[in-house]
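# Structure at a glance
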Amino acid sequence: MVAQKKGATARVSEDPEELARHPLQAILLADSFTTKFRPITLERPKVLLPLANIPMIDYTLAWLESAGVEEVFVFCCAHSKQVIDYLESSDWSSQPNFLVTTIESHNSISAGDALRLIYERHVIHGDFVLISGDTVSNMSLTQALQEHKERRKKDANAIMTMVVKQSKPSPITQQSRLGTDELFMAINPDTKQLLCYEDKAEYSKGFISLDKTLIADNPSTVLHNDKQDCYIDICSEEVLSLFTDNFDYQHLRRHFVKGLLVDDIMGYKIFTHEIHSSYAARIDNFRSYDTISKDIIQRWTYPFVPDVLCGNSAIRVERRGTYRASEITLSRSAQIGPFIVIGQGTEIGNDTKISHSVIGEGCTIGSNVTIEGSYIWNNVTIEDGCELRHAIVCDGVTMKSGAVLEPGVVLSFKVVVGQQFVVPAYSMVSLLQQPTQQDSDEELEYADSSSGNVELPSKLNGDITSDLSETRHGPTSELGTGGVGYIWSIFEGGHDEEWRHSVAPIPTDKLAKIMLDKDEDEELLTQDGNVLSPSGELKSDSDANDSEDGDNEGSRDDYVSFEKEVEATFLRAVHENVKVDHVILEVNALRLSYNMASVDCAGAIFYSMMKLAVESPHSSSSELHRNAADVITTWQNLLKSFLHDIDEEIEVILKFEEICLESAKEFSPLFAQILHLLYDKDILEEDAILRWADEKEGADESDKVFVQRAEKFLQWLREAEEEED
Amino acid sequence: MDFQVVVLAGGTSKNLTPLVSKEVPKPLLPVANRPVLYYVLHQLEQSNLKDLIVVVEGKDAALLVGGWISGTFVDRLHVEIAAVPEDIGSAGAIRAISHHLTANDILVVSGDLVSDVPPGAVAANHRRHDAVVTAMLCSVPISGPSESGSSGGKDKTKKPGRYNIIGLDPGKQFLLHIATGAEIEKDTRLQKRILRAVGEMEIRSDLMDAHMYAFKRSVLQEVLDRKDTLQSLKQDVLPYLVRSQLKSEALSNRIPRAEENGNEKVSSQNNQVMVSQILANASTPSFHDLCSVSHDGSAPIRKTHKCCAYIASSSSYCARLNSIQAFMDINRDVTGEADHLLSSISDHNNIVGPSTKLGTKTTVGPHCMLGEGSEMGDKCQVKRSVIGRHCRIGSHVKVVNSVVMNHVTIGDGCIIQGSVICSNVQLQERVVLKDCQVGAGFVVTAGSEYKGESLARKEK
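Where an unreviewed UniProt entry is consulted, chain B appears under the name Translation initiation factor eIF2B subunit gamma, with the organism given as Theobroma cacao. Of the comments in the UniProt record for chain B, the one headed Subcellular location (unreviewed entry) reads "Cytoplasm, Cytosol". Chain B has a UniProt comment under Sequence similarities (unreviewed entry) that states "Belongs to the eIF-2B gamma/epsilon subunits family."

The name an unreviewed UniProt entry gives chain A is Translation initiation factor eIF2B subunit epsilon, with Theobroma cacao as the organism. Under the Subcellular location (unreviewed entry) heading, UniProt states for chain A: "Cytoplasm, Cytosol". Reading the Sequence similarities (unreviewed entry) entry of the UniProt record for chain A gives the comment "Belongs to the eIF-2B gamma/epsilon subunits family."

Laid out in structure tokens, this is it:
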């Protein structure tokens, strides 16, 4: 009795103690395991890239510290030495209540590998915050942590809380703001449990599927398209062991989150915590780099803004969002526009205009330079008369006089742009040559860690200058006279991405294209339903989309959808009196996009015509016959234009048989009459009809039904032929 | 109000054999001793919607229904009876009477709806949003016997049936997605386009489409004309309208347009208009605005149309009499939990009707109804049942959870559980029925026992 009681009391007292004993820990992944910031990340890790002149990782660490995290494990892989060196030299290594420990790996290729490695080290005890080193936030963790712990107490399977945020509410800006993929999340409105997470949703599909069990289990589900994933997760210890158990989990979202949501055996649950007034966003690509930089300058991320983070008044904030370091040389005639940051020791010449930009330390900017919406890092030399719009210019770049950067250009470290040279829009320029082995996007994800890791540290730590002198001969021509660097070619498939992800604002026509895409989506869906597609659609566009779809499916499906398309085209032609020539053009376009033969066109058109006839009101078979005759008479030219040779004519007869047997049995008594009609209208030649009859000669008895029906007509044809002979 | 009401009363529904017959078509099936059609007409009258077209399948049935209506609602409602052929579907029925429709808005109600949701509220909601269609949604009723859940009831109460999967906007005003019938068992496919426009969509599986719709007449007629493959309002027309709500070019020429052939050009123009509007309006139009943007002014053609939902409060009663189980449930509910539907009946009808005779030691439990002129012998028990007019019930009879219609004779010692006994049936002595349906005029011989069977006279 007594012992039992003791045990009980001990357990009770243990519980709060246990919670209190562990300091709040965090895992910071200082490697994005992606290649979105190439070519810059070939030479420097993403977390050390400056964001308003302060390395990204500082924002993340500063937030973690302010949020009450006491111990951070910084996992570094790509360029791990640079990260470790930076952390050691910075203040972070000497904070009293904030312990920063680095964990180094050389062979991790994904977040999954990183977490498995951390699990093996046995350093995490209890709940932890999982974040990557490129996240900027000022949210308070208290409430989210509290919710997480309370849920855990009730349900041991609630192992993770994801932070989400309302994104801008327009359908256009949702995507364009951060340049991320469209995200669909299904959340239970009462419990906030995450039920479905769809980020790599195929663009070609106009619909999103929800599993039926999901709806059966939740009488009410809210599907969100307006939320943004902040990539801040509060996890329980189990998360690490789950990664170890499932050694194929690589990507945090794509594998881990989706894996948990699909797996109903273990029953692990993920919940969401929505933040409203505070800021959280992750720098995923150049576009979000641009957006978040602007947010920082506009102080949405307060207190994590340049002047506060630098401390000791090194940077002053002035009116119109201008941040100026203390020692800069600024010409009187220079126009320093709204929302800019200028780093220490930078010189700016006469009549230079700068707006909405960040300029690093020790830069030299000449006269008559225009800089707009650009990010210029440290020690950059820009000579007179250059123009920069929406570009990223890394450390040590030299732009000779008169050089122009068109929107979306990225100049990596120490590139030299020749005199008067115009760098075309969306170019990526680097001293390093583009890696040659090009896999698909998925495979490349971690390549910056592996390939970058192998060769680069030596280059960076060793003599870069000698390296440079080697490369100096080769690429001169690519960047004009005196230019140094390679312009990376854009790989296939990435073509679409360039404007989506670049720092340049999305051009209007692209926005229009997004809207158009949505229209196409609609078309596809309507056709998926059994209802005829609404008329007045933009045919050529939806075709292009269809063909992508078709690749995945069998040719049979392909044909069915082709037939539907043709039918829709035909019906529209009927209802709107489109000229025959146009219909022919459209059907030909369809044929090309579906990769069909002209035989199929003839069949499909004939099918559409018959369907129209059978769908027009009729009460008796004679009326049906009249309908069919009308349709055939009206549209005979259309049909004829697809009947070039006898094979196609036979195809039409075979199609007609199929119609009579399957889709419209009403026609079967009229088979011979309509065949005759087609003959009369010179649509079918007698050779074709006889050949068809001959072909059927050896067929099964059941297959010959229609030959027998048409026997009289055939007889007549044969006799006519003999007479001629 | 410029509203015309179409009541789709149905005819001799196959689901309800042997309850319905040529003499008693579905609209006249008694619910608590009143034809089911009464409940709809009564609600319409209460909402001051008095311009009615009652559509009945079959000429004979139409005569019967018409006779009853003119007898009951003498001058209170302006009713036209229209007979349509059988099996043409609800959309077909509307097509058939299309030339009778003149008002701007049409309220289409199913005649088998037993509900206390005021149709006027649905109509007003429709008008307020200037919607193309407004559908009334109600909570899914829990079917099956509610308390005597001894047999099979458990499964049913655990999982209330799913009738529809419905997507709503955050304000629960607009209908964004609807799946009916076989689609429910498949994975739900939601249109991204609509989802993008709204941002968030609530998906409910606990709501049911109650088959009360308000339509804009011009749109309804045009859709029915253009798409002659559409068969049913519920399964085809409503989903079609919901699906195409952001892309209603197909409907846009209800304002007659000259440039029919320029369709492609127009739609691309439309796109530009929309994009430019979005660009200009950086504070991002919500789904709402998106709808209204195309409404007021600048865009020459409507790009969108509104599909609204009227969600009945969870306390209101709403059920459709479309199966035998529903028939039992509704009879039980109307005498039980939803008895307010009865209390508003104008000609006063008590639970135990006038001039009934009860023998000694006969008990009629709560939630029962005994029609006028019925007689019961000694030591009978009636629990949770409805007994019609002029029935003769012998002694030692037990009637539990059952519906007994008019002029039924029940011999001594019968036990009737969970069954429906139609008019003019004769049950001889000691018949035991459990979960049976006995068609009109049938004679059950003495001492027979049936369980879960459907008994009816052979059709001549």
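Below, the discussion takes up the overall build of chain B. Scanning chain B from terminus to terminus reveals 13 helices and 33 strands. Considering chain B as a whole, with its 460 residues, one finds that 56% of them fall into the buried category. Counted over contacts in chain B with a minimum sequence separation of 6, partners at least 24 positions apart contribute 56%. In the form shown here, chain B has an accessible surface area of approximately 18800 Å², with 49% of it arising from carbon and sulfur atoms.

Moving on: the overall build of chain A. Helix and strand counts for chain A stand at 26 helices and 36 strands. Within chain A, the fraction of its 725 residues that count as buried is 55%. Counted over contacts in chain A with a minimum sequence separation of 6, partners at least 24 positions apart contribute 60%. Within the structure as shown, chain A displays about 31200 Å² of accessible surface, and the carbon and sulfur contribution to it stands at 49%.

On to the sheet that holds strand S19 (residues 335-336) of chain A, then. All names here are of chain A. If you walk across this open sheet you meet the six strands as S19-S22-S25-S28-S31-S34, and the pairing is parallel. The sheet is open, and its two borders are formed by S19 and strand S34 (422-423), each paired with just one other strand. In this sheet, strand S28 (residues 387-389) lies alongside strand S25 (residues 370-372) in parallel orientation, the contact comprising three bridges. Bridging from a neighbouring strand, Thr370 pairs with Glu387 of S28.

Residues and elements named next belong to chain A. The final tally for this structure, using the stated rule, is 41 salt bridges over all chains. In this structure, Lys655 engages Glu658 in a salt bridge whose closest nitrogen and oxygen atoms are separated by 3.7 Å. With Lys655 and Glu658 both in helix H22 (residues 646-661), this residue pair falls three residues apart, about one helical turn.

Next up on the list: the nonpolar core. Core analysis: the largest hydrophobic core is formed by 86 residues, its most contacted members being Leu41, Leu107 and Met136 of chain B. Among the elements that take part in this core, helix H1 (residues 36-46) of chain B stands out by supplying seven residues, more than any other. The contact partners of Leu41 of chain B, leaving out residues within four places of it in the chain, are Val7, Leu52, Trp68, Ile69, Phe73 and Leu77 of chain B. Judged by nonpolar contacts, the second largest core, of 63 residues, contains Leu24, Leu51, Val341 and Val358 of chain A.

So, on to the pairing of strand S6 (residues 105-110) of chain B. Residues and elements named next belong to chain B. Along S6, six of the six residues are buried, which leaves the element largely enclosed by surrounding structure. Along S6, one buried face is formed by Asp105, Leu107 and Val109 and the opposite face, lined by Ile106, Val108 and Ser110, is buried too. Pairing analysis gives six bridges linking strand S1 (residues 3-10) to S6, with the strands arranged parallel. Pairing of Leu8 across the sheet is with Ser110, part of S6. With five bridges joining them, S6 and strand S13 (residues 207-216) adopt antiparallel strand pairing. In the strand pairing of S13, Val108 is matched with Tyr213.

Next up on the list: the packing of aromatic side chains. Given two aromatic rings, their pairing is described by the distance between the two centres and the angle made by the two planes. Counted by the stated rule, this structure contains 20 aromatic pairs over all chains. With centroids separated by 6.1 Å and ring planes inclined at 80°, the aromatic side chains of Trp68 of chain B and Phe73 of chain B adopt a geometry described as edge-to-face. Across this residue pair, the class does not change: Trp68 of chain B and Phe73 of chain B are buried. By way of ring pairs, the aromatic residues Phe37, Phe286, Tyr289, Tyr375, Trp377 and Phe413 of chain A are connected into one cluster. Looking at Lys655 of chain A, its charged tip hangs above the ring of Tyr607 of chain A, at a distance of 5.3 Å from the centre. Positioned over the ring face of Tyr38 of chain B is Arg34 of chain B, at 4.5 Å from the centre of the ring.

A few words now on the side chain of Ser427 of chain A. All names here are of chain A. Structurally, Ser427 can be placed in the loop between S34 and strand S35 (428-430). Overall, the relative accessible area of 5% leaves Ser427 in the buried class. Among the polar contacts listed, one links the side chain of Ser427 to the backbone oxygen of Pro424, at a separation of 2.5 Å. When neighbours within four sequence positions are excluded, Ser427 is seen to be in contact with Gly408, Val409, Val410 and Ile487.

Taken in spatial order, the six strands line up as S10(A)-S9(A)-S12(A)-S12(B)-S9(B)-S10(B) in an open sheet, and their pairing is antiparallel. Sheet topology places strand S10 (194-198) of chain A together with strand S10 (175-179) of chain B at the edges, where each strand pairs with a single neighbour. In this sheet, neighbouring strand axes are inclined to one another by 15° on average, regardless of whether the strands run parallel or antiparallel. Two strands pair when backbone bridges link them, and strand S9 (residues 165-168) of chain B and strand S12 (residues 200-204) of chain B are joined in this way by three bridges, in the antiparallel orientation. Among the inter-strand pairings, Leu168 of chain B is bridged to a residue of S12 of chain B, identified as Glu202 of chain B.

Residue and element names in this part refer to chain A. Between Arg38 and the following residue, Pro39, the backbone shows a cis peptide bond with an omega angle of 5°. Structurally, Pro39 is set in the loop between strand S1 (25-29) and strand S2 (50-51). A cis amide bond, omega 10°, links Tyr302 with the succeeding residue Pro303. Residue position: Pro303 is located in the loop between helix H10 (286-297) and helix H11 (306-310).

Residues and elements named next belong to chain A. Inspection of the secondary structure assignment puts Ser80 in helix H3 (residues 80-89). Given the relative accessible area of 3%, Ser80 is considered buried. If sequence neighbours within four positions are ignored, Ser80 has contacts with Glu104 and His106.

When pLDDT is averaged along chain A, the result is 78, and 79% of the positions lie at 70 or above. Within chain A, strand S26 (residues 375-376) of chain A carries the highest mean pLDDT (94), whereas helix H17 (residues 539-552) of chain A carries the lowest (36).

With that out of the way, let us pick up helix H19 (residues 580-594) of chain A. Residue and element names in this part refer to chain A. In a regular helix each residue adds 1.5 Å, so 15 residues correspond to 21 Å; H19 covers 21 Å between its end C-alpha atoms and thus fits that length. Within the span of H19, buried status applies to Val583, Ile584, Glu586, Val587, Leu590 and Tyr594. Projected onto a plane normal to the axis of H19, the buried residues spread over an arc of 165° and lie on a single side. Across from the buried face of H19, at angles greater than 90 degrees, the exposed residues are Asp581, Leu585 and Leu592.

Definitions and limits used
The residue count restarts for each chain, going from 1 along the sequence in the order it is written. Numbering of ligands from 1 and lettering of chains from A proceed in the order in which they are written. Thresholds applied to this predicted model are a pLDDT of at least 70 for local features of residues and 80 or more for the giving and counting of side-chain atom pairs; totals over whole chains, interfaces and linings are not thresholded and use all residues. To get the side-chain values, all heavy atoms of the structure are used, and hydrogens and water are removed first. UniProt positions are given in the numbering used here, feature names are shortened, and annotations may be inferred rather than shown by experiment. Strands are runs of DSSP state E lasting at least two residues, helices are runs of H or I lasting at least four, and both sets are numbered from the N terminus onward. Each residue gets one of three labels from its accessible area relative to the maximum for its type: buried under 20%, exposed over 50%, partly exposed in between, using a 1.4 Å probe on protein chains only. Residues are treated as being in contact if the distance between any of their heavy atoms lies within 4.5 Å. The Shrake-Rupley method, run with a 1.4 Å probe sphere, supplies the accessible areas, and residue values consider only the shown protein chains as cover. Pairing between two strands is assigned when DSSP locates at least 2 bridges connecting them. The salt bridge criterion pairs a side-chain nitrogen of Lys or Arg with a carboxyl oxygen of Asp or Glu, the two atoms within 4 Å. Only buried residues count toward a nonpolar core, which is a set of Ala, Val, Leu, Ile, Met, Phe, Trp, Tyr and Cys residues joined through side-chain atoms within 4.5 Å. Think of it this way: a Phe, Tyr or Trp ring, Trp meaning its six-membered ring, pairs with another when their centres are within 6.5 Å, and the plane angle makes it stacked under 30 degrees, edge-to-face over 60, tilted otherwise. We count a charge as sitting over a ring when the NZ of a lysine or the CZ of an arginine lies within 6 Å of the ring centre and within 35 degrees of the ring normal. Pairs of N or O atoms within 3.5 Å make up the polar contacts considered here, provided that, within protein, one atom can donate a hydrogen while the other can accept it, and that residues adjacent in sequence are counted only when both atoms are side-chain atoms. Helix axes are fitted to C-alpha atoms over the stretch in contact, other axes to C-alpha atoms as well, and angles between N-to-C directions run from 0 to 180 degrees. Per-residue confidence from the predictor is reported as pLDDT, which spans 0 to 100. Between the first and last residue of a helix there are one fewer steps than residues, each counted as 1.5 Å, and that sum is the expected span. In this description, one arc is meant: the one made by directions from the helix axis to the C-beta atoms.

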